[in-house]
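# Survey of secondary and tertiary structure
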Amino acid sequence: MERYPKPMTVKILVSACLMGHAVRYDGQAKPLVHPALDRWREEGRLVTICPEMSAGMPVPRLPAEIEPGKTGAGVLSGAARVLESKGGDVTEEFRKAAENALALARETGCAYALLIDGSPSCGSGFIYDGSFTGSRLQGEGVTAALLRAKGIRVFSDKEIETLAALIDAA
Ligand code: SF4
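## A few points about the overall build of the protein chain
- Per the secondary structure count, the protein chain includes six helices and eight strands.
- In sequence order, the secondary structure elements of the protein chain are arranged as β-α-β-α-β-α-β-α-β-β-β-α-β-α.
- Radius of gyration (C-alpha) of the protein chain: 16 Å, near the 15 Å computed for a compact globule of 170 residues.
- Expressed along its principal axes, the backbone C-alpha trace of the protein chain runs to roughly 55 × 30 × 25 Å.
- Per-residue burial for the protein chain yields a buried fraction of 47% across its 170 residues.
- Contacts spanning at least 24 positions in sequence make up 64% of the contacts within the protein chain whose residues lie at least 6 apart.

## Re the packing of helix H1 (residues 35-42) against helix H6 (residues 160-169)
- Direction vectors running N to C along H1 and H6 enclose 40°, while the axes themselves pass 10 Å from each other. The angle between H1 and H6 falls in the class oblique. Pair H1 / H6 crosses with left-handed handedness. In this structure, H1 contributes Ala36, Leu37, Arg39 and Trp40 to the contact, and H6 contributes Ile160, Leu163, Ala164, Ile167 and Asp168.
- The residue makeup of the contact of H1 with H6, split by class, is seven nonpolar, no polar and two charged.

## So, the packing of helix H4 (residues 91-108) against helix H5 (residues 142-149)
- Direction vectors running N to C along H4 and H5 enclose 40°, while the axes themselves pass 8 Å from each other. In terms of orientation, H4 and H5 fall into the oblique class. Relative to H5, the crossing made by H4 is right-handed. Residues Phe94, Arg95, Ala97, Ala98, Glu99, Ala101, Leu102 and Ala105 of H4 form the contact with H5, whose participating residues are Val142, Thr143, Leu146 and Leu147.
- For the contact of H4 with H5, the per-class residue count stands at nine nonpolar, one polar and two charged.

## Considering the sheet that holds strand E1 (residues 11-15)
- Strand order in this open sheet of four strands is E2-E1-E5-E8, and the pairing throughout is parallel. The open sheet is flanked by strand E2 (46-49) and strand E8 (153-156), the only strands paired with a single partner. In this sheet, adjacent strand axes meet at a mean angle of 25° when their direction is disregarded.
- Note that E1 and E2 share four bridges and pair parallel. Bridge assignment links Leu13 to a residue of E2, and that residue is Val47.
- On top of the sheet, H1 reaches E1, E2 and strand E5 (110-115); it is set at about 105° to E2, its chief contact.

Procedures and definitions
Residues numbered from 1 in each chain as written. Predicted model: local features only at pLDDT ≥ 70, side-chain atom pairs only at ≥ 80, totals over all residues. Heavy atoms only, no water. Helix = DSSP H or I, 4+ residues; strand = E, 2+ residues; numbered from the N terminus. Rg over C-alpha atoms; globule rule 2.2 N^0.38 Å. Buried < 20%, exposed > 50% of the residue type's maximum accessible area, 1.4 Å probe, protein only. Contact = heavy atoms within 4.5 Å. Axes fitted to C-alpha atoms, helices over the stretch in contact; angles between N-to-C directions. Parallel < 35°, antiparallel > 145°, perpendicular 65-115°, else oblique. Left-handed = near helix turned anticlockwise from the far one by under 90°. Nonpolar A, V, L, I, M, F, W, Y, C, P; charged D, E, K, R; others polar. Pairing = 2+ DSSP bridges.

Structure (structure tokens):
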């Protein structure tokens, strides 16, 4: 049976790479396969964005990490930079990426975000620690930090079941 969005359908902002778009720094996607995603797509709940591409960053692009020991909140407050693996400063692009994601979430009425973990933009549980060695640091990327600061509930791809339970209960 075909489903139609209800007027008050709760929307979910979602990372484009998680939806199968090849927008990551390495030109790859990181698709998540889950029945809840198929259902939400049918229900018209999903609003897809790659924050970094929305800020004009190319594909592929150099990997970037937040300065050692710092997280997305530090970037938003001006206490930390985002640096490419070759040292280029992309802090402003990452701030713009976060602002674009927030603006889209507000325009479209997203109360939730489902973002892929580990990214200096979309990470919500962990990011990489700025050493470009693959070492993880607990904390958020810049986009996840801004969305949370503005009241949007952010879930990582690993937390899709938790989000699904919330949506089902709404
Ligand atoms: S910014 Fe987010 S959506 Fe874009 S490639 Fe990185 S993790 Fe995926």
